[in-house]
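Coordinates in review
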Amino acid sequence: MSTFASTELPGTSKDNFDDFYIEVKEIEKRDSVLTPIQQIDRLLRPGSTYFNLNPFEVLQIEPEATIEQIKKRYRQLSILVHPDKNQDNKERAQKAFDIVNRAWKTLENETARKKCLDVYEEAKERTDYMIIEKRKKLKKENKTFEKIPEDDPAKYKHAVYVMAMKLFADMERRRQQLDQRDQEERKRKREAEIEEEEKRKAEKEWQKNFEESRQSRVNSWHDFQAGKTKKSKKQKRMHGMMVPPKFKPESR
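The name an unreviewed UniProt entry gives the chain is J domain-containing protein, with Glossina austeni as the organism.

Pasting the structure below:
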């Protein structure tokens, strides 16, 4: 059975199917990096877990892109790496498709996309601060005539990109730490609940045994009291009997 119907692609329900695949061919011709195998390799390359935290990096699109542009780019990549188009590499293609789909779901959500854009804004601010510090250092060394790498727009853009990747990684680490704390708290609460439940069971069992043994204790007490009474009566009878005189040796 084909997985194509079970894996959602945006727009396939309303677009002409032939046009859909014509677009696929146009995408593949556009650039060698857009071939399915190279995109799959890119998304699953060593360190991909780190790189794929950035949804803009996954979709290879600028943060300034509109939601329409992001959706179009998602559609292009999802077509290229779809498992049905990569039958010889289906397992890895499915993993790549899931990564692309997850990036789209993140950017499709307005709140989540805003958070991602905030990461880039912070990355720019930190990069700008780093540049200021570099210029201060050059001035202190009387090297104000020297340029810094980030004076090149391409290198500045790359510096922002690297900083953004670090910030995305920091966010993920914090998320994992919060998840771990939450799991530990849930575990602690569950252990406390189990301990309390076992305590209640033990108290209930003790009460049950106490009630079951109550009659036995009552009977034992009655037997004890009856025995004590008989002994007391016997002692009273002995006190009422004549006691023979003590034997005295005959004196000569």
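Before going further, it helps to examine the overall build of the chain. In terms of helices and strands, the chain carries 9 helices and 0 strands. Burial statistics for the chain: of 252 residues in total, 27% are counted as buried. The long-range share in the chain, meaning contacts at least 24 apart out of those at least 6 apart in sequence, stands at 65%. Accessible surface computed for the chain: about 19200 Å², of which carbon and sulfur atoms make up 53%.

One broad rule of soluble globular proteins: the nonpolar side chains tend to lie buried together. One finds L43, F56, V58, L59, I70, V81 and V100 to be the most contacted residues of the largest nonpolar core, which totals 30 residues. Counting only elements with at least two residues in this core, the list comes to α2 (36-43), α4 (55-59), α5 (67-80), α6 (90-108), α7 (110-140) and α8 (153-212). If you tally residues by element for this core, the top one is α6, at 8 residues. Both domains that meet at this core, namely domain 1 (29-108) and domain 2 (112-215), each give it at least three residues.

Residues that lie three or four places apart on an α-helix share one face, since the helix turns once every 3.6 residues. In this model, α5 (14 residues) spans 20 Å end to end at C-alpha, consistent with the 20 Å of a helix rising 1.5 Å per residue. Taken together, the buried positions of α5 are occupied by I70, R73, Y74, R75, Q76, L77, S78, I79 and L80.

Residue placement: R113 occurs in helix α7. An unpaired buried charge is present at R113: no salt bridge exists, and E110, the closest side chain of opposite charge, is 5.5 Å distant.

Detailed reading of predicted coordinates is not advised where the pLDDT is low. Per-residue pLDDT for the chain averages 80, and the proportion of residues at 70 or more is 75%. The low-confidence segment residues 1-14, where pLDDT is below 50, has 25 contacts with residues more than four positions distant or belonging to other chains. Confidence over residues 27-32 falls short of pLDDT 50; this stretch has 9 contacts with residues more than four positions distant or in other chains.

Turning our eyes to something else, we now look at the packing of aromatic side chains. Within a pair of aromatic rings, the relevant descriptors are the distance that separates the centres and the angle that separates the planes. All told, the structure shown has 4 aromatic pairs when counted by the stated rule. Summarising the aromatic geometry, the rings of Y120 and F168 are spaced 6.4 Å apart at their centres and angled 70° between planes, so their arrangement reads as edge-to-face. Taken together, the residues Y120 in helix α7 and F168 in helix α8 connect sequence positions 48 residues apart. Put simply, the rings of F56, Y120 and F168 touch in pairs and so form one group of aromatic residues. The ring of F51 carries the charged tip of R45 above its face, separated from the ring centre by 4.3 Å.

Glancing now at α6. Over its 19 residues, α6 extends 26 Å from the first C-alpha to the last, a length consistent with the 27 Å expected when each residue adds 1.5 Å. For α6, the elements touching its buried residues are α2, α4, α5 and α7.

Moving on, we come to the packing of α6 against α7. Taken N-terminus to C-terminus, the directions of α6 and α7 make an angle of 95°; their axes are 5 Å apart at the nearest point. By the criterion of interaxial angle, the relationship of α6 to α7 is roughly perpendicular. Touching T106, L107 and E108 of α6 are E110, A112, R113 and C116, all from α7. Tallied by class, the residues present in the contact of α6 with α7 amount to 3 nonpolar, 1 polar and 3 charged.

Definitions and cut-offs
Residues numbered from 1 in each chain as written. Predicted model: local features only at pLDDT ≥ 70, side-chain atom pairs only at ≥ 80, totals over all residues. Heavy atoms only, no water. Helix = DSSP H or I, 4+ residues; strand = E, 2+ residues; numbered from the N terminus. Buried < 20%, exposed > 50% of the residue type's maximum accessible area, 1.4 Å probe, protein only. Contact = heavy atoms within 4.5 Å. Areas by Shrake-Rupley, 256 points an atom, 1.4 Å probe, with all protein chains shown as cover. Core = buried A, V, L, I, M, F, W, Y, C linked by side-chain atoms within 4.5 Å. Domains from an automatic or database assignment. Expected span 1.5 Å × (residues − 1). Lys, Arg positive; Asp, Glu negative; His and termini not counted. Salt bridge = Lys/Arg side-chain N within 4 Å of Asp/Glu carboxyl O. pLDDT = per-residue confidence, 0-100. Phe/Tyr/Trp six-rings, centres within 6.5 Å; stacked < 30°, edge-to-face > 60°. Lys NZ or Arg CZ within 6 Å of the ring centre and 35° of its normal. Axes fitted to C-alpha atoms, helices over the stretch in contact; angles between N-to-C directions. Parallel < 35°, antiparallel > 145°, perpendicular 65-115°, else oblique. Nonpolar A, V, L, I, M, F, W, Y, C, P; charged D, E, K, R; others polar.

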